[in-house]
Amino acid sequence: EKAGYDHFMLKEIHEQPKAYRDTMGSRLDPSGKKVVLNEVGMTPQQIKAIRHVHIVACGTAYHAGLVGKSVIEKLARIPVETDVASEYRYRAPIITPETLVIVVSQSGETADTLAALREAKRCGARVLAITNVVGSSVAREADDVITTWAGPEIAVASTKAYTSQLIAFYLLGLYLAQTLGSQDDAYIAEVIAELKELPEKVERILAQSEAIKNVAEQIATHDNLFFIGRGLDYAVALEGSLKLKEISYIHSEAYAAGELKHGTLALIEEGIPVIALATQEDLFEKTVSNIKEVTARGAHVFGIHSEGHYELAKAVDEVFAIPATLPLLTPALSVVPLQLLSYYASLARGNDVDKPRNLAKSVTVE
Ligand code: M6R
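Residues numbered from 1 in each chain as written. Predicted model: local features only at pLDDT ≥ 70, side-chain atom pairs only at ≥ 80, totals over all residues. Heavy atoms only, no water.

Enquirer: Explain the pairing of strand β3 (residues 99–105) to me, please; I cannot follow it from the model alone.
Expert: When a strand is regular, its side chains alternate between the sheet's two faces. Burial within β3 is extensive, with seven of its seven residues counted as buried. Pairing analysis gives six bridges linking strand β1 (residues 52–57) to β3, with the strands arranged parallel. Its bridge partner being in β3, His 52 is matched across the sheet by Thr 99. In terms of handedness, the path from β3 via helix α6 (residues 111–122) over to strand β4 (residues 126–131) forms a crossover that is right-handed. (Buried < 20%, exposed > 50% of the residue type's maximum accessible area, 1.4 Å probe, protein only. Helix = DSSP H or I, 4+ residues; strand = E, 2+ residues; numbered from the N terminus. Pairing = 2+ DSSP bridges. Right-handed = clockwise from strand over helix to strand, strands pointing away.)

Written as structure tokens, this is what we have:
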């Protein structure tokens, strides 16, 4: 059932190109110019009436929601807040009938996410669910459901569900944009064309797994490390850090690169590994400055950049290039080396990769 892979997690990492294709599937109009989301029942009038969006989820799904915030704000120009469900539901959030609440859940059974959904509905908001399980509680109770067609995810550490959630956000962002007229047709067509290329680009990353394995084996000997990045790279850094903690039990922190000098830089000492994401074109130079702050203090930096920015190699100890794409779409590529890094670090430490200690696949208690 693991289809020749040693673990479900590795199988699921490798299933991502298919998960991307299946989640995009018939939702991309053959013209290449628009997104078709028949499962979203909102009328154009209802979409135009949305004043704010709240994205609510837990764990990895929350991290997908952080990317979703940038995607919807950029494409649809509607203000978005992303919150963890266990905070959102108890903070008396300001929810009105003009709020669209998006809940994200692989299983569709997470207790806090379901409670947040119910609270949103009680306040009169429309709720849209992004979930991987057809017929789950979240899917049944939401007004609209975008199903991620990632297929069953068995490993506790979420991989293909996360990236499929990103694809769902790209589709939704484009759908809102084309309904609101917030982006011109040529840009929408460009994003769609780039989306279609993602599966093949993921395959190219997977073909370089051995390089990531070598870095993972070095990292596995450490007890502390940092992930840094700016903008969408920061959102992906948070996900990379969670994944590593969850299955390798190595302590790590994800930091917005520009925040380091406001305290955390004090923890950087000789030899500490820092994983630096520098895939965002407009933030590249800024991130490189932050990388220099840690290398000057002896950190061993593993940098991830987009093809083209080979000069990063001069600023760091080791580099990994992801195929070039639009800055907005990089999370769907840059997270893949981080998933592999966690997998191989966990393996190197002899852990039970698919069933990490203390954790359950579906958190149905508060
Ligand atoms: O089923 P859900 O997407 O609602 O689950 C949310 C989290 O429990 C889940 O993403 C968790 O953080 C993963 N184990 C992380 O890999």
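Enquirer: Honestly, the packing of aromatic side chains in this entry has me stumped. Any pointers?
Expert: Aromatic ring pairs: the centre-centre distance and the angle between the two ring planes describe each pair. Here the structure, examined in full by the defined rule, presents one aromatic pair. A ring pair is formed by Tyr 343 and Tyr 344, whose centres lie 5.0 Å apart and whose planes are at 75°; its orientation type is edge-to-face. The pair formed by Tyr 343 and Tyr 344 is uniform in burial state, with each residue classed as buried. Taking NZ or CZ as reference, Arg 357 lies 3.8 Å from the ring centre of Tyr 249, over its face. (Phe/Tyr/Trp six-rings, centres within 6.5 Å; stacked < 30°, edge-to-face > 60°. Lys NZ or Arg CZ within 6 Å of the ring centre and 35° of its normal.)

Enquirer: What should I look at first to understand the site of the ligand in this one?
Expert: With respect to spatial proximity, 13 residues lie near the ligand, and among them Ser 105, Gln 106, Ser 107, Thr 110 and Glu 246 are the closest. Here an oxygen atom of the ligand and a backbone polar atom of Ser 158 are 2.9 Å apart. For the ligand, whose unbound accessible area comes to 410 Å², protein coverage reaches 90%. A per-element tally of the shell around the ligand places helix α4 (residues 59–76) first, with three residues. (Near = heavy atom within 4 Å. Polar contact = N/O pair within 3.5 Å; in protein donor to acceptor, adjacent residues only side chain to side chain. Areas by Shrake-Rupley, 256 points an atom, 1.4 Å probe, with all protein chains shown as cover.)

Enquirer: I would appreciate a short explanation of the packing of helix α10 (residues 209–219) against helix α14 (residues 331–348) in the present structure.
Expert: Think of two packed helices as two axes; the pair is described by the angle between the axes and how far apart they sit. Following both chains from N to C, one finds α10 and α14 inclined at 50°, their axes separated by 8 Å at the closest point. In this view, α10 runs oblique relative to α14, as classed from their interaxial angle. Like other packed secondary-structure pairs, α10 and α14 cross with a definite hand, here right-handed. Two secondary-structure elements touch here, α10 through Ser 209, Ile 212, Lys 213, Val 215, Ala 216, Glu 217 and Ile 219 and α14 through Pro 337, Leu 340, Leu 341, Tyr 344, Ala 345 and Ala 348. Tallied by class, the residues present in the contact of α10 with α14 amount to ten nonpolar, one polar and two charged. (Axes fitted to C-alpha atoms, helices over the stretch in contact; angles between N-to-C directions. Parallel < 35°, antiparallel > 145°, perpendicular 65-115°, else oblique. Left-handed = near helix turned anticlockwise from the far one by under 90°. Contact = heavy atoms within 4.5 Å. Nonpolar A, V, L, I, M, F, W, Y, C, P; charged D, E, K, R; others polar.)

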